[in-house]
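Structural overview for review
Okay, here's what each chain looks like letter by letter:
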Amino acid sequence: MTTPTIGVLALQGDVREHLVALAAADALARPVRRPEELADLDGLVVPGGESTTMSKLAVVFGMLEPLRDFVRSGRPVYGTCAGMIMVADKLLDARADQETFGGVDMIVRRNAFGRQNESFEAAVDMTGIPGGPVHGVFIRAPWVESTGAAAEVLARYDGHTVAVRQGNVLATSFHPELTGDHRVHAFFVDMVRTAV
Ligand SMILES: NC(=O)CC[C@H](N)C(=O)O
């Protein structure tokens, strides 16, 4: 595969920034809103935003089951912040009717860093990302409370897990698309290129 096509789920959230970051990491990037738009994608990004709204809109747009199928299809998916929440198998501090696409055997706590500090930035060492720490932008960010055996922890901040990979699914609590540093997107594009 030379140039992979990667969708950015465009129900809600910071879609444009991901499109820019993916293009900078040599992918063909496009927003997706409808189930039929998933068919010819090689990978998908689920952006940050508000997971309760994203969950509601996924139901309204008939995207919930197609996106669950997409994750199960083995094509790579990368969730940032609210997107991390959407790829979690289980949530804490979620709304009772909140749905996720699942894909990572982990429990994610919504707004986990929020109580101490609504938003902050910090250097984060992330496994698989060469060239030193990434600049982590955390905005009402979740953390990963616990992971199952198949999930690999890629980064911790302040003792909490903030980046995880399980097979085809990558998730970060923070927003690399807001930093102008495209290394995490390049890592994901590489996952897409090498996916079988
Ligand atoms: N920056 C973000 O994506 C915030 C996530 C938001 N707190 C949620 O629960 O969905």
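Residues numbered from 1 in each chain as written. Predicted model: local features only at pLDDT ≥ 70, side-chain atom pairs only at ≥ 80, totals over all residues. Heavy atoms only, no water.

Moving on, we get to the pattern of salt bridges. Between side chains of opposite charge, a pair can form when the charged atoms approach closely. In total, this model carries 13 salt bridges according to the counting rule given. Among the ionic pairs, Arg-95 bridges to Asp-97, the shortest N-O distance being 3.1 Å. Shared partners join several salt bridges into a network, and the residues in it are Arg-34, Glu-36 and Glu-37. (Salt bridge = Lys/Arg side-chain N within 4 Å of Asp/Glu carboxyl O.)

Moving on, we get to the nonpolar core. Formed by 33 residues in total, the largest nonpolar core has its most connected members in Ile-6, Leu-22, Met-126, Phe-138, Leu-170, Phe-174 and Phe-188. The set of elements that each furnish at least two residues to this core consists of strand E1 (5-9), helix H1 (15-24), strand E7 (119-124), strand E8 (134-139), strand E10 (152-157), strand E11 (160-166) and helix H5 (183-194). Ranked by residue count, the leading element in this core is H5, at six residues. Leu-22 has contacts with Ile-6, Val-8, Ala-27, Ala-29, Val-45, His-185, Phe-188 and Val-189, leaving out every residue within four places of it along the chain. Met-54, Phe-101, Val-108 and Val-164 belong to the second largest nonpolar core, which has 31 residues in total. (Core = buried A, V, L, I, M, F, W, Y, C linked by side-chain atoms within 4.5 Å. Buried < 20%, exposed > 50% of the residue type's maximum accessible area, 1.4 Å probe, protein only. Helix = DSSP H or I, 4+ residues; strand = E, 2+ residues; numbered from the N terminus. Contact = heavy atoms within 4.5 Å.)

Okay, the UniProt feature "binding site: L-glutamine" (unreviewed entry) in the protein chain next. Look at the UniProt record and you will see "binding site: L-glutamine" (unreviewed entry) annotated at Gly-49, Glu-50, Ser-51, Arg-110, Ile-139 and Arg-140. Spanning 92 residues, the annotated positions come together in the fold, the maximum distance between their C-alpha atoms being 12.8 Å. Residue placement: Gly-49 occurs in the loop between strand E3 (43-46) and helix H2 (51-60). Along the chain, Arg-110 turns up in the loop between strand E6 (104-109) and E7. Residue classification places Arg-110 among the buried positions, given a relative accessible area of 9%. Leaving out residues up to four positions away in the same chain, Arg-110 has contacts with Glu-50, Ser-51, Thr-52, Ile-85, Leu-92, Asp-93, Ala-94, Arg-95, Gln-98 and Pro-142. (UniProt positions renumbered as here; feature names shortened; annotations may be inferred.)

Moving on, we get to the site of the ligand. Around the ligand lies a shell formed by Gly-48, Gly-49, Glu-50, Ser-51, Cys-81, Ala-82, Ile-85, Arg-110, Asn-111, Ile-139, Arg-140 and His-175. Between the ligand and the protein, one listed contact pairs an oxygen atom with a backbone N or O atom of Gly-49 at 2.9 Å. Here a nitrogen atom of the ligand sits 3.0 Å away from a polar atom, N or O, in the main chain of Arg-140. When the ligand sits alone it has 300 Å² of accessible area, and the protein chains cover 96% of it. (Near = heavy atom within 4 Å. Polar contact = N/O pair within 3.5 Å; in protein donor to acceptor, adjacent residues only side chain to side chain. Areas by Shrake-Rupley, 256 points an atom, 1.4 Å probe, with all protein chains shown as cover.)

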